[in-house]
Amino acid sequence: MSDSSSLNKTCVVIGASHAGVNFAFTLRREGWEGAIILFDSDPEIPYHRPPLSKAYLSAEDNTQLDLLFPEQNYASENIILNLGKSVVSIDKESKYIVLSDKSKQSYDKLVIATGARPFIPPINGIKTANNLFPMRTFADTVNIQNAMKNSEKKRVVIIGGGYIGLETAASLKKTGANVVVLEREERVLERVTAPEMSFFFNKLHKENNVDLLTNKNVIEIKTVKGINEVFCDDNTSYFADLIVVGVGIKVNTELATKAGLEIENGIKVDETAKTSDVDIYAIGDCTYHFNPHYNRFIRLESVQNAVDQAKVAASAICGNEVVYNAIPWFWSDQYDVKLQMVGLSQGYNEVIQRVEEENEKCQSVWYFKDDELLAVDAVNNGKAYVLGTRFIKGKQQLDKGKLKDTKIPFKPTSFLKD
Amino acid sequence: MAKITFVTQSNETITVEGNSGNVMELAVQNKIKGIDGNCGGVCSCATCHVHVEPSDWDKVGAPNSMESDMLEFDEKVSDYSRLSCQMKISEDLDGIVLKVAN
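Residues numbered from 1 in each chain as written. Chains lettered and ligands numbered in written order. Predicted model: local features only at pLDDT ≥ 70, side-chain atom pairs only at ≥ 80, totals over all residues.

Novice: Help me understand the overall build of chain B in this model?
Specialist: When its secondary structure is counted, chain B shows 3 helices and 5 strands. Counting from the amino terminus, helix and strand elements in chain B follow one another as β-β-α-β-α-α-β-β. Radius of gyration (C-alpha) of chain B: 12 Å, near the 13 Å computed for a compact globule of 102 residues. Seen through its principal axes, chain B has C-alpha atoms that stretch 30 × 25 × 25 Å. Burial status across chain B gives 39% buried among its 102 residues. In chain B, of all internal contacts separated by at least 6 residues, the share reaching a separation of at least 24 is 65%. (Helix = DSSP H or I, 4+ residues; strand = E, 2+ residues; numbered from the N terminus. Rg over C-alpha atoms; globule rule 2.2 N^0.38 Å. Buried ≥ 20, exposed ≤ 12 C-beta atoms within 10 Å, placed from the backbone. Contact = placed C-beta atoms within 7 Å.)

See the structure below:
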């Protein structure tokens, strides 16, 4: 910031995870001289969330969290962390927020980075089930690991075969659990990948002795003496000492809704991450934002979106307006498989699967809408991921015949149309 | 202990000391611009790309196979590219100079 206009101002951030924390540090770097105050109901020093369901859950020694930034950096950057504190309302006319202890904090600029929370489906008996947890926070991993330690049979039922469910299955299997995954749809990862990818992960989990079951609609949980029995609508049932629920999320829009901000499938923001109020921005999982590349509004659950949108908002607040224009990317680690995804496959009408000859665990799935490459899922294949990113960004026209031909190696020009 | 020097895209030179962990973490701790480490250090995002000073290449060594797959077609790749999350801090790295790629 070129002048000292921010010196006596206060920027308040609700939510101190990937989006809120990266925003705070970027805002300082961009030249904001005033106060930066973060609030989060999670009591832990802000940490990386993706490893929780991956390496963290299967590690022997979990005393040390993977912090986003070391604790001393908050002090050295004069960023105030208020952890274990819940915000209950926003008064956008008088520009202050109210905490659960009724105290108030005024702001000049407010950033909502409230993210999302696990959706707990309305299944009979779910509230009285024993050792039933979602998988999103550090506290969830502690609960899951304690339940594992205290269980002799270590029978785990995971409700939901999405990324969280499958990563949790792989991680708990490593620690000696007997894992059953119950997926309601006819294939795992149904919402996010092509059948080819679902098939690959299905096989991978079966090879690792995880019982991955599809078309399993859970309708009831009965709990007797601490042992759960999970019932499906096809008259099957599964015993569980521990149940992990991974069936999706609910966006934390309540504060924004109550404050009268525009909501549409999330908190609606413009290309600079500004909400319908000129002094309030929103970033990360909670936002419904425009993606110029795909030319539509989207909501994303990802670290990439959290971090990139945080930077855009920080720049905008410091007067250096940058338009948010990123190609989304994601990753997942299960067993010895690294999955990297780039782009958004929604709307695809053709899929090309490439299984590399030397190694069937090195493959990639390319999603096209007619001639436009929309997205790539790369399995143990960093080359496909990086090249896919380049092709999507550059809107390059690919020769699908060449792409299918595994004799043709990955090169920046080898799949381009003549 | 190792002293590691980072040179950012805006030609700022910062020398810091590390004892453990990896070079990406050291850079994030010391607010080195251009090293984000968004994936937390699992070789998934390439937001910690550095160019090793050629004279230091032998101290650092070549990338592992997962890492070189990520680097090979990166628009900013050079013969001395590494992902700093894959570089473990040890005394071997003492004195090296790394240019931040982004």
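Novice: I'm lost on the interface of chain B and chain A in this one. Help?
Specialist: Size of an interface: often given as the accessible area lost when the parts come together. Counting from both sides, the interface comprises 14 residues of chain B and, opposite them, 20 residues of chain A. For the side of chain B that touches chain A, the secondary structure elements donating two or more residues are α1 (23-29) and α3 (65-72) of chain B. It is α3(B) that contributes the most residues to the side of chain B that touches chain A, 4 residues altogether. Taken together, the residues of the side of chain B that touches chain A break down into 6 nonpolar, 4 polar and 4 charged. (Nonpolar A, V, L, I, M, F, W, Y, C, P; charged D, E, K, R; others polar.)

Novice: It is not clear to me how the confidence of the model for chain B should be interpreted in this structure. Could you clarify?
Specialist: In low-pLDDT regions, the fine details of the predicted coordinates are not to be read closely. When pLDDT is averaged along chain B, the result is 95; 100% of the residues meet or exceed 70. Here the prediction assigns the complex a pTM of 0.95, and the interface score ipTM is 0.92. (pLDDT = per-residue confidence, 0-100.)

Novice: Hey, could you run me through the packing of helix α9 (residues 382-393) of chain A against α3(B) in this one?
Specialist: Between two packed helices, both the angle of their axes relative to each other and the distance between the axes serve to describe the pair. Between α9(A) and α3(B), the shortest axis-to-axis distance is 7 Å and the interhelical angle comes to 20°. By the angle between their axes, α9(A) is roughly parallel relative to α3(B). Here α9(A) and α3(B) pass one another in a crossing that is right-handed. Here G382(A), K383(A) and V386(A) of α9(A) lie close against α3(B), whose contacting residues are M66(B), D69(B), M70(B) and E72(B). For the contact of α9(A) with α3(B), a count of residues per class yields 3 nonpolar, 1 polar and 3 charged. (Axes fitted to C-alpha atoms, helices over the stretch in contact; angles between N-to-C directions. Parallel < 35°, antiparallel > 145°, perpendicular 65-115°, else oblique. Left-handed = near helix turned anticlockwise from the far one by under 90°.)

Novice: When you look at the domain arrangement of chain A in this model, what are you seeing that I'm missing?
Specialist: Residues and elements named next belong to chain A. Segmenting chain A into domains produces domain 1 (10-117 + 251-317), domain 2 (126-247) and domain 3 (336-404). One C-alpha centre belongs to domain 2, the other to domain 3, and the line joining them spans 29 Å. Every contact between the two is made by 6 residues of domain 2 and, on the other side, 7 residues of domain 3. (Domains from an automatic or database assignment.)

Novice: Would you mind going over helix α6 (residues 195-207) of chain A with me for this structure?
Specialist: In an α-helix, one full turn covers 3.6 residues, which means residues spaced three or four apart are oriented alike. Residues and elements named next belong to chain A. Taking 1.5 Å per residue as the helical rise, α6 with its 13 residues ought to reach 18 Å, and the 18 Å between its terminal C-alpha atoms agrees with that figure. What α6 keeps buried is the set M197, S198, F200, F201, N202, L204 and H205. Buried residues belonging to α6 abut α5 (163-174), β12 (211-213), β22 (329-334), β23 (337-343), β25 (363-369) and β26 (372-379). Phi turns positive, to about 60°, at N209, one or two residues after α6. (Expected span 1.5 Å × (residues − 1).)

Novice: I tried to follow the sheet that holds strand β20 (residues 287-291) of chain A on my own but got confused; where do I start?
Specialist: Where strands meet in a sheet, backbone hydrogen bonds hold them as pairs that are either parallel or antiparallel. All names here are of chain A. Spatially, β18-β20-β21 is the arrangement adopted by the 3 strands of the open sheet, whose pairing is mixed. What marks the edges here is a single partner per strand, and that holds for β18 (267-268) and β21 (296-298). The pairing of β20 with β21 spans 3 bridges and is antiparallel. When the bridges of β21 are listed, N291 appears paired with R296. (Pairing = 2+ DSSP bridges.)

Novice: Mind showing me how you'd approach the sheet that holds strand β14 (residues 227-232) of chain A here?
Specialist: Residues and elements named next belong to chain A. Ordered by their spatial adjacency, 3 strands build an open sheet running β13-β14-β15, and the pairing between neighbours is antiparallel. Each edge of the open sheet is held by one strand with a lone partner, namely β13 (218-224) and β15 (237-240). Direction aside, neighbouring strands of the sheet carry axes that sit 20° apart on average. Bridge count between β14 and β15: 4 bridges; the pairing is antiparallel. Its bridge partner lying in β15, V230 is registered against Y238.

Novice: Explain the pairing of β23(A) here, please?
Specialist: Residue and element names in this part refer to chain A. The buried fraction of β23 amounts to 6 of the 7 residues, a majority that puts the element mostly inside the structure. Inspection of the sheet shows β22 paired to β23 by 6 bridges, in the antiparallel sense. Within β23, the position partnered with S332 by the bridge is L339. What sits between β22 and β23 in their antiparallel hairpin is a turn of 2 residues, with Y335 showing a positive phi close to 55°.

Novice: When you look at the environment of A129(A) in this model, what are you seeing that I'm missing?
Specialist: Tracing the backbone through its elements, the reader meets A129(A) in the loop between β8 (116-118) and β9 (132-133). The sequence separation of A129(A) and K222(A) amounts to 93 residues, and the corresponding C-alpha distance is 7.0 Å.

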